[in-house]
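Inside the fold
Letter by letter, the chains look like this.
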Amino acid sequence: MVDEGNVDSFLDGVTDLYSTKSRKVIHLNIKKEKPAREDVLTLVMGRSGTLRAPVIKHRSTLIVGFDEDTYTRILT
């Protein structure tokens, strides 16, 4: 289980983060933009304190939440 205590190791190697909330897809290039840890946590963590679902980690890209267009673009 990924929670706030070990999310940093889970994010190790991730350069692109896509997070879907309410039909809005937010894309961050973590290496280039260097967002604050709290901003990243807001995008990936759920109210329960664990990683939101669904989550796909593909190479250096992390996709949190479901957006069919993002899945198609990144995974094909």
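Since the model is a prediction, treat every value here as computed from it, not as a measurement.

**What to know about the overall build of the protein chain**
Broken down by element type, the protein chain carries 4 helices and 4 strands. Reading the protein chain from its N terminus to its C terminus gives the helix and strand order α-β-β-α-α-β-β-α. For 76 residues, the compact-globule formula gives about 11 Å, and the C-alpha radius of gyration of the protein chain, at 12 Å, lands near that figure. Dimensions of the protein chain along its principal axes, counting C-alpha atoms only, are 30 × 25 × 20 Å. Buried positions account for 37% of the 76 residues belonging to the protein chain. Within the protein chain, contacts between residues separated by at least 24 positions form 48% of all contacts whose residues are at least 6 apart in sequence. If you average the places of the 12 positive and of the 11 negative side-chain charges in the protein chain, the two averages end up 3 Å apart.

**Some words on the sheet that holds strand 2 (residues 24-29)**
Sheet strands associate in pairs through backbone hydrogen bonding, adopting either a parallel or an antiparallel arrangement. Strand order in the open sheet made by the 4 strands is 2-1-4-3, with mixed pairing throughout. Taken across any chain shown, the strands that pair with only one partner, and hence form the sheet edges, are strand 2 and strand 3 (55-58). Across the sheet, the mean angle from the axis of one strand to that of its neighbour is 10°, orientation sign disregarded. Here strand 3 pairs with strand 4 (residues 61-64) via 4 bridges, running antiparallel. Bridged to His 58 within strand 4 is Thr 61.

**Examining unusual backbone geometry**
Residue Ala 53 is joined to Pro 54 through a cis peptide bond whose omega torsion reads -10°. Along the polypeptide, Pro 54 turns up in the loop between helix 3 (37-44) and strand 3. You will see that Arg 59, though not glycine, has its phi angle at about 55°, which is positive. If you trace the backbone, Arg 59 turns up in the loop between strand 3 and strand 4.

Parameters at a glance
Residues numbered from 1 in each chain as written. Predicted model: local features only at pLDDT ≥ 70, side-chain atom pairs only at ≥ 80, totals over all residues. Heavy atoms only, no water. Helix = DSSP H or I, 4+ residues; strand = E, 2+ residues; numbered from the N terminus. Rg over C-alpha atoms; globule rule 2.2 N^0.38 Å. Buried < 20%, exposed > 50% of the residue type's maximum accessible area, 1.4 Å probe, protein only. Contact = heavy atoms within 4.5 Å. Lys, Arg positive; Asp, Glu negative; His and termini not counted. Charge placed at Lys NZ, Arg CZ, Asp CG, Glu CD. Pairing = 2+ DSSP bridges. Axes fitted to C-alpha atoms, helices over the stretch in contact; angles between N-to-C directions.

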